[in-house]
Amino acid sequence: MGLKSGLQQMAYKQALKPHLAQQPAPQALNLLQLQKIAILFDASSASNTEAILAYAKNLQKMKKEVQLLAYWPENELPEGLPYEAFSRKELNWAGVPKGEQIDAFLGQKYDLLIALYAGEQLALDFLLQAAPSKMRLGFFDEERTDQFDLMVHPGQKPMPALLKEIHQYLERINKK
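What comes next concerns the included structure.

1. Examining helix α5 (residues 159-172)
Consideration 1: Over its 14 residues, α5 runs 20 Å from end to end, which matches the ideal 20 Å to within 8%, given 1.5 Å per residue.
Consideration 2: For α5, every residue scored as buried is listed here: M159, L162, L163, E165, I166, H167 and L170.
Consideration 3: Packed against the buried residues of α5 are α2 (46-61), β4 (112-116), β5 (136-139) and β6 (150-152).

2. Focus on the pattern of salt bridges
Consideration 1: Scanning the model with the defined rule gives five salt bridges in all.
Consideration 2: K89 serves as the salt-bridge partner of E76, at 2.7 Å between the closest nitrogen and oxygen. Taken together, the residues E76 in the loop between β2 (65-72) and β3 (84-87) and K89 in the loop between β3 and α3 (100-106) connect sequence positions 13 residues apart.
Consideration 3: One salt bridge in this structure joins K157 and E165, with 2.7 Å as the shortest N-O distance.

3. What about the environment of L163?
Consideration 1: Within the secondary structure layout, L163 lies in helix α5.
Consideration 2: The buried category is assigned to L163, whose relative accessible area is 4%.
Consideration 3: Separated by 111 residues in sequence, L163 and I52 place their C-alpha atoms 7.8 Å apart.
Consideration 4: With near-sequence residues (within four places) excluded, L163 lies in contact with A51, I52, Y55 and L116.

Thresholds, definitions, all that
Residues numbered from 1 in each chain as written. Predicted model: local features only at pLDDT ≥ 70, side-chain atom pairs only at ≥ 80, totals over all residues. Heavy atoms only, no water. Helix = DSSP H or I, 4+ residues; strand = E, 2+ residues; numbered from the N terminus. Expected span 1.5 Å × (residues − 1). Buried < 20%, exposed > 50% of the residue type's maximum accessible area, 1.4 Å probe, protein only. Contact = heavy atoms within 4.5 Å. Salt bridge = Lys/Arg side-chain N within 4 Å of Asp/Glu carboxyl O.

See the structure below:
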């Protein structure tokens, strides 16, 4: 690890620290108990984004408040996106997302935060860990088990199948 990389990692962790101190205690909530849901995703796949938007609409029909936030891995966002997004331009030198919409996202309290992206993506990982949420759900990754309360193994399943599986798990949690 070079000096710059070490400094970046230290700055990233330092920026995350105050958010971690304000996290609510984790809770296992089922779909009926959830009121406010945040969905973080990587917008680089049009088909995945389409499935995520359809799922968000389905949740809204169920009277859930849904907040979408996508990372666009380019410097400029495309025009007319139907969801909140930030680009590489909104990241500081340590990979921490900055800006009004990031502050607004982190200023909300969520019952559930769903991370619909695979692997390590520092900007999304920062938001996943920093946003106040009672429960976190994401794709299984041996290296990230400490970041989630519930994990779904993505395998080679397409996004619609993964979202259906997630929905089924949320319906079954604490079912009495």
